[in-house]
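Next come the chains, spelled out residue by residue.
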Amino acid sequence: MEKLLVLGDIHANWPALKAIFDYIRPERFDGIINTGDFTVYSTFPNETVDWFRKQQKTLCILGNTDLRLLNILAGKKLKKPRKEEKRVMYFWTADHLSNKNHLFLKSLPNKMECVIKNIRIGIFHGTFDDPEETLYPDVPINRFRELAANAPYQVHIMGHSHIPYYKKVGGVHFVNPGSVGRMYDGDPRTSFAIIKVSSKRIAVEHFRIPYPVRKVTASLEKHGLPTIYKRMYEIGKKLN
Ligand SMILES: [Fe+2]
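Below, the structure is looked at part by part. No experiment lies behind these values; they were computed from the predicted model shown. Every residue gets a number counted from 1 within its own chain, in the order that chain's sequence is written. For this predicted model, a pLDDT threshold of at least 70 governs which residues receive local features, and a threshold of 80 or more governs which side-chain atom pairs are given and counted, while totals over whole chains, interfaces and linings are taken from all residues. Only hydrogens and water are removed before side-chain values are computed, so all heavy atoms of the structure are retained for them.

Regarding the pairing of strand S4 (residues 111-116)
If a strand is regular, its side chains alternate between the two faces of the sheet. The line we're drawing: When DSSP finds two or more bridges between a pair of strands, those strands are recorded as paired. Put simply, DSSP H or I for four residues or longer makes a helix, DSSP E for two residues or longer makes a strand, and each gets a number counted from the N terminus.
Looking at chain direction, S4 and strand S5 (residues 119-124) are connected through six bridges and run antiparallel. Bridge pairing links Val115 to Arg120 in S5. Between S4 and S5, which pair antiparallel one after the other, the connecting turn spans two residues, and Lys117 there sits at a positive phi close to 50°.

Details of helix H1 (residues 14-24)
We count it as follows: Residue burial is assigned from relative accessible area. The probe radius is 1.4 Å, only protein chains are included, and a residue is buried under 20% of its type maximum, exposed over 50%, and partly exposed in between. Pairs of N or O atoms within 3.5 Å make up the polar contacts considered here, provided that, within protein, one atom can donate a hydrogen while the other can accept it, and that residues adjacent in sequence are counted only when both atoms are side-chain atoms.
Buried residues dominate H1, accounting for eight of its eleven residues. For H1, the complete set of buried residues consists of Trp14, Pro15, Ala16, Leu17, Ala19, Ile20, Phe21 and Ile24. Put simply, Asn13 is the residue that caps the front of H1, since its side-chain oxygen is 3.1 Å from the backbone nitrogen of Ala16. Following H1 by one or two positions, Arg25 has its phi on the positive side, about 55°.

Regarding the nonpolar core
The following threshold applies: Each nonpolar core is a collection of buried residues, namely Ala, Val, Leu, Ile, Met, Phe, Trp, Tyr and Cys, held together in the definition by side-chain atoms within 4.5 Å. Here, residues are in contact when the closest pair of their heavy atoms is within 4.5 Å.
Among the nonpolar cores identified, the biggest contains 47 residues, and Leu5, Leu7, Phe21, Phe52, Leu105, Phe192 and Tyr233 are the most heavily contacted of them. In terms of residues, this core owes the most to one element, H1, which gives seven residues. Ignoring any residue separated from it by four or fewer positions in sequence, one finds Phe192 in contact with Leu5, Val6, Leu7, Ile20, Tyr23, Ile24, Pro177, Glu205, His206, Phe207 and Ile209. Counting 17 residues, the second-largest nonpolar core is a separate cluster that includes Ile116, Ile119, Ile195 and Ile202.

Structural notes on the pattern of salt bridges
Our working rule: Think of a salt bridge as a Lys or Arg side-chain nitrogen and an Asp or Glu carboxyl oxygen that are within 4 Å of each other.
A full pass over the atoms with the stated rule returns 14 salt bridges. One salt bridge connects Lys18 with Asp22, and the closest N-O pair in it is separated by 3.0 Å. You can see Lys18 and its partner Asp22 sitting in helix H1, four residues apart, about one turn around the helix. By relative accessible area, Lys18 is classed as partly exposed at 37%. With relative accessibility at 54%, the residue Asp22 sits in the exposed group. Here Glu221 and Arg214 are joined by a salt bridge, their closest N and O atoms 3.7 Å apart. On the basis of relative accessibility, which here comes to 42%, the residue Glu221 falls in the partly exposed class. Taken together, the salt bridges that share partners define one network made up of Arg214, Glu221, Lys230, Arg231 and Glu234.

Remarks on the coordination of the iron ion
Counted only if it meets this: A 2.8 Å cut-off from the metal defines N, O and S donors, relaxed to 3.2 Å for Na, K and Ca; water is not in the atom list, so some sites may appear incomplete. Any site counts as irregular unless it has four donors with all angles between 85 and 135 degrees, making it tetrahedral, or four or six donors with opposite ones more than 155 degrees apart and the rest between 65 and 115, making it square planar or octahedral.
Looking at the iron ion, the protein donor atoms are Asp9 (OD), His11 (NE2), Asp37 (OD) and His162 (NE2), and they sit 2.1 to 2.3 Å from it. Classification of the site at the iron ion as irregular follows from its four donor atoms and the range of 83 to 176° in their angles at the metal. When the donor residues of the iron ion are listed from N- to C-terminus, their spacing reads D-x1-H-x25-D-x124-H. Of this pair, Asp9 sits in the loop between strand S1 (2-7) and H1 while Asp37 sits in the loop between strand S2 (31-34) and helix H2 (45-53), and the two are 28 residues apart along the sequence. Both residues of the pair, Asp9 and Asp37, count as buried.

So this is what it looks like as structure tokens:
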């Protein structure tokens, strides 16, 4: 049996990520999966990326937010998001990301796969078809059936929706760990999942644990970033 820690949508929230590591001891896992969106919306992109950059057994992909950040750093125009308070967070991150972490993000793919105990696992930010598709748990079941039939994986691990869930459709397991650092559901605690894989069984467990939100909001204040984000972290809800 192999034990995987599944993380995603950290969005530079290092205090939340650290709370997870203090709770579960990452060295006890056979692998750590990150479904992307390392950066933007909190002020700890370097602490977050530094940690992954220094690990051996992580499987990391980029999210749409990371891709936009890389585009800014490549001198391209930021088309989306349009809201000024969101754009500020992207530009702040581009100004503060270290060169080492920029290069690390640049080296990552936007999807990958691994085989564990003969089980083929796909890792996506959105879906197998589209890194920006948001596969909410309540999208019509036919979409899940289509993905189960068309992709060569027995397990799909995804991020992007920021909603933790686990579904089995057409014999295929769909797992979203929820968001480590930017919650949408009114619960400000951090979210992650643990998957246990054996040749006979897949077991998925989700966790929500508290973290020091004040560390995030104090840093936003210190850097003069939009106050809407302070409230967002306090109540665990997307406000823009
Ligand atoms: Fe995200």
